[in-house]
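Fold and contact review
Each chain, letter by letter, is given below.
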Amino acid sequence: LSARTPAVWWARIMIIGHGLIAWAAMSHGLWIVPVLQIFGPWLFSAPWWLLNTSQHTGRPHGLFPDRVIDDFRETSRTIDCNPLFRFWYWHMNWHCEHHMYAAVPCYNLKQLHEAIKHELPPTLNGVVETWTHIWKYVDR
């Protein structure tokens, strides 16, 4: 038994599964399903990367010789973005709130933000403003 055998079987199962999904969708006239199945990860990865990477980039992390940063308001940021991006990103644009109160479900993070926003740093408005803000620090 080769060490590659499980991976080969997994690949075969994935190909068959994707083929069955495509066949079922096409037989019901849902041509968009295989298109999204094939190209979806590529199409939607750029907005996801822009949101995900922006949450901690340019923010201090970890242990420093003179202090330990244990306040999530200093190590992460909250971004106000459009409803579609919020949905794709599981409402994790409310990132400070997510770190401060990890047990709060993602769909309640906006309400949590409204309740505690007076204790948070200013919320950036959108991906463009966020990355403009980040580049000020990265470009130093």
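Residues numbered from 1 in each chain as written. Predicted model: local features only at pLDDT ≥ 70, side-chain atom pairs only at ≥ 80, totals over all residues. Heavy atoms only, no water.

This paragraph deals with the overall build of the protein. From N to C terminus, the protein includes seven helices and four strands. The order of helices and strands in the protein, counted from the N terminus, is α-α-β-β-α-β-α-α-α-β-α. Its C-alpha atoms give the protein a radius of gyration of 21 Å, more than 25% over the compact-globule value 14 Å for 140 residues. Evaluated residue by residue, the protein yields a buried proportion of 25% over its 140 residues. Residue pairs in contact within the protein that sit at least 24 positions apart in sequence constitute 40% of those at least 6 positions apart. Summing over all exposed atoms, the protein offers an accessible surface of approximately 10000 Å²; the carbon and sulfur share of this is 69%. Both charge centroids of the protein, one from 11 positive and one from 10 negative side chains, sit 10 Å from each other. (Helix = DSSP H or I, 4+ residues; strand = E, 2+ residues; numbered from the N terminus. Rg over C-alpha atoms; globule rule 2.2 N^0.38 Å. Buried < 20%, exposed > 50% of the residue type's maximum accessible area, 1.4 Å probe, protein only. Contact = heavy atoms within 4.5 Å. Areas by Shrake-Rupley, 256 points an atom, 1.4 Å probe, with all protein chains shown as cover. Lys, Arg positive; Asp, Glu negative; His and termini not counted. Charge placed at Lys NZ, Arg CZ, Asp CG, Glu CD.)

Right, let's talk about the pattern of salt bridges for a bit. Scanning all chains against the criterion turns up three salt bridges. For Arg 86, the salt bridge goes to Asp 80, with nearest N and O atoms at 3.3 Å. You can call Arg 86 buried: its relative accessible area is 15%. The exposure class assigned to Asp 80 is partly exposed, which follows from its relative accessible area of 29%. (Salt bridge = Lys/Arg side-chain N within 4 Å of Asp/Glu carboxyl O.)

With that settled, the discussion passes to the confidence of the model for the protein. Should pLDDT be low for a region, the predicted coordinates there are not to be read in detail. Summing up the model confidence of the protein, the mean pLDDT is 89 and the portion of residues at 70 or higher is 97%. At the low end of the mean pLDDT range in the protein sits strand S1 (residues 63-64), at 70; at the high end sits helix H6 (residues 109-116), at 96. (pLDDT = per-residue confidence, 0-100.)

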